[in-house]
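Per-entry structural report
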Amino acid sequence: MKSLKKYILNRSGHFGIYGGRYIPETLIPIMENLELEFYRAIKDKDFKLELSNLNKNYTGRPTPLYFCENLTKKVGGAKIYLKNEGLAHTGAHKINHCLGQALLAKRLGKTRLIAETGAGQHGLAVSAVAAKMGFSCTIYMGEKDFLRQKPNVFFMERAGAKVIPVLEGGRTLKDAISAALRDLMSDPLNTHYLLGTVCGPHPYPVMNAYFQSVIGREVKKQITPDYLIASVGGGSNAMGLFYEFLDDKSLEMIGVEAGGRGITEDSKKCEHAARFETGTLGVTEGFKSFFLQNEDGQIKNTHSISAGLDYSGVGPQISYLRDIGRIKTSYALDSDVLNAYQLLAKEEGIFAALESSHAVAEAIRLAATLPKEKIIVFNCSGRGDKDLFIVAKELDSENFKNFLKTQI
Ligand SMILES: *Cc1c(COP(=O)(O)O)cnc(C)c1O
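Residues numbered from 1 in each chain as written. Predicted model: local features only at pLDDT ≥ 70, side-chain atom pairs only at ≥ 80, totals over all residues. Heavy atoms only, no water.

Here the domain parsing of the protein yields domain 1 (17-56 + 93-207) and domain 2 (63-91 + 213-397). Domain 1 and domain 2 are separated by 23 Å when their C-alpha centres are compared. The interface of domain 1 with domain 2 comprises 30 residues on the first partner and 34 residues on the second. Across the domain 1 to domain 2 interface the summed buried area is about 2600 Å²; carbon plus sulfur atoms make up 64%. Remark: the boundary between domain 1 and domain 2 carries 0 salt bridges. Our count for the contact surface shared by domain 1 and domain 2 stands at 9 residue pairs in polar contact (both at pLDDT 80 or more). Counting residues per element, the ones that place at least two in the side of domain 1 that touches domain 2 are β2 (18-19), α5 (94-107), α6 (121-133), α9 (173-186) and α10 (204-212). Top element by residues in the side of domain 1 that touches domain 2 is α6. It accounts for 4 residues. Taken together, the residues that form the side of domain 1 that touches domain 2 break down as 17 nonpolar, 11 polar and 2 charged. (Domains from an automatic or database assignment. Contact = heavy atoms within 4.5 Å. Buried area = accessible area lost by both parts, 1.4 Å probe. Salt bridge = Lys/Arg side-chain N within 4 Å of Asp/Glu carboxyl O. Polar contact = N/O pair within 3.5 Å; in protein donor to acceptor, adjacent residues only side chain to side chain. Helix = DSSP H or I, 4+ residues; strand = E, 2+ residues; numbered from the N terminus. Nonpolar A, V, L, I, M, F, W, Y, C, P; charged D, E, K, R; others polar.)

Written as structure tokens, this is what we have:
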């Protein structure tokens with residue numbers, strides 16, 4: 001293979017044995033249209049200019065690369081740098097692919113955006129972009145998530161989105177995805193389904209990897225790293241950081257999955273979301289990759305302290321890059337993640353999202369084993385404001401409960 005960068009954006013949407021487009025026939029023309037317009041757009045100077053203007057003026061790019069000097073001293077090994085996607089508008093990297101896809105939707109003459117969301121971070125970014133660009137917007141959320149992620153629901157509604165709780169199945173993310181696909185089938189002409197990570201049928205993995213690749217492109221201008229680390233839910237912030245460096249053979253890349261309460265082979269209870277630890281090959285939600293599933297291919301309920309990594313599947317490009325040894329994967333337990341969150345806050349005054357804190361945990365672990373001149377960059381994919389309720393419950397339970405009581 002000559003260029004991995006080229007291959008990862010290839011037009012077939014297959015990456016080794018992974019990827020593809022396993023969807024109902026009625027959706028095929030929609031995906032073909034989207035694919036065509038995407039490859040056309042990324043060769044179009046006006047499209048690229050409009051996107052880079054939005055990245056600059058709406059999102060606030062480039063995001064800073066920050067040397068964690070205190071943390072580095074504390075750990076006593078390699079230099080630890082943080083790519084601060086938490087400073088991007090709406091608080092995470094998700095805005096990157098939302099802007100890109102929304103511009104494509106405009107080119108396709110669509111008038112409404114729909115999306116699935118679990119924790120609500122993706123829904124929030126879609127709602128913001130829809131408000132800015134004048135789309136109507138419908139967000140599907142499993143009823144369980146709808147009830148436990150009130151702050152994000154609140155902000156989506158302020159931006160004018162209609163947030164619909166999905167009552168089918170386990171009432172979580174996978175049910176929201178099914179509902180969004182049904183919606184798309186019922187009104188394919190006017191609707192763009194703005195899928196939120198590097199999963200789903202072709203061209204979503206390719207498109208989102210492309211739109212997120214701005215992260216690594218900036219890093220390459222900011223520093224020359226030896227190691228890159230990113231958390232892996234679906235894989236979009238990892239693909240975003242890694243993409244630009246895929247052909248740089250000297251550099252190591254590590255994706256960190258959610259180890260939850262621990263990796264067990266127990267077939268009934270899955271208290272983690274580490275697809276590469278106990279997952280198997282399968283086809284779900286339109287693509288082939290690794291999934292946490294039972295022997296019948298039914299998707300398991302997963303667990304992570306971070307809602308954004310609490311997902312049973314992983315992007316096909318990530319699975320492929322791991323197969324060929326280009327990236328490595330590891331996992332961090334909930335307890336490691338809380339410690340990492342607390343340490344970064346104490347040492348640097350930076351409150352990382354719990355998803356990103358998985359990357360922090362791995363950066364700390366790795367740095368301690370490396371000489372001082374080595375450089376680690378981890379992706380701080382989001383800021384931690386959204387996790388207030390979870391972190392406060394874990395780290396300051398009594399005071400927080402009392403505060404909530406006074407608010408009622
Ligand atoms: C959604 C989210 C993730 C996980 O999704 P990826 O597609 O794997 O990046 C990670 N971090 C933050 C802050 C998120 O909001």
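Having put the structure on the table, let's press on.
So, about the sheet that holds strand β9 (residues 227-231). Strand order in the open sheet formed by 6 strands is β3-β4-β14-β9-β10-β13, with mixed pairing between adjacent strands. In the strand order of this sheet, the two ends are held by β3 (65-67) and β13 (328-333), each with one partner. Between one strand and the next, the sheet's axes are offset by a mean angle of 30°, whatever the strand orientation. When β3 meets strand β4 (residues 79-84), the two strands line up antiparallel, connected through 3 bridges. Across the sheet, the residue bridging to Tyr 66 is Leu 82, located in β4. (Pairing = 2+ DSSP bridges. Axes fitted to C-alpha atoms, helices over the stretch in contact; angles between N-to-C directions.)

Turning to helix α8 (residues 150-158), its buried residues number three or more, namely Asn 152, Val 153 and Met 156. Seen along its axis, α8 keeps its buried residues to an arc of 100°; they face one direction. Summarising the contacts, the buried residues of α8 are in contact with α6, β6 (136-142), α7 (143-148) and β7 (162-166). One or two steps after α8, the chain reaches Gly 160, where phi turns positive at roughly 95°. (Buried < 20%, exposed > 50% of the residue type's maximum accessible area, 1.4 Å probe, protein only. Arc of directions from axis to C-beta.)

Relative to the helices and strands, Tyr 243 resides in the loop between α12 (236-242) and β10 (252-260). Sequence separation between Tyr 243 and Phe 287 is 44 residues, and the spatial gap between their C-alpha atoms is 20 Å. When neighbours within four sequence positions are excluded, Tyr 243 is seen to be in contact with Lys 5, Lys 6, Ile 8, Leu 9 and Ser 213.

Here we come to the packing of α6 against α8. Two numbers describe how α6 lies on α8: the axes approach to 9 Å, and their chain directions differ by 10°. With respect to their mutual orientation, α6 and α8 come out roughly parallel. Facing α6, whose interface residues are Gln 121, Gly 123, Leu 124 and Ser 127, α8 presents Asn 152, Phe 155 and Met 156. Here the residues of the contact of α6 with α8 are counted per class, giving 3 nonpolar, 4 polar and no charged. (Parallel < 35°, antiparallel > 145°, perpendicular 65-115°, else oblique.)

For the rest of this paragraph, the subject is the layout of surface pockets. Rolling a probe over the atoms, with the probe sized like a water molecule, indicates the empty space that remains. Empty space within the second largest pocket amounts to approximately 590 Å³. Contributing to the lining of the second largest pocket are 26 residues, with Lys 48, Tyr 210, Ser 213, Val 214 and Arg 217 lying nearest its centre. Of all elements in the fold, only α1 (4-8), α3 (45-59), α10 and α11 (214-222) reach the threshold of two or more residues within the lining of the second largest pocket. Of all the elements, α3 adds the most residues to the lining of the second largest pocket, at 6 residues. Each residue belonging to the lining of the second largest pocket can be placed in one class, and the counts come to 10 nonpolar, 6 polar and 10 charged. (1 Å grid on protein atoms, 1.4 Å probe; cavity = no way out; pocket = protein on both sides within 12 Å on 5 of 7 lines; lining within 4 Å. Points joined across faces, edges and corners; volume = space filled by probe spheres on them.)

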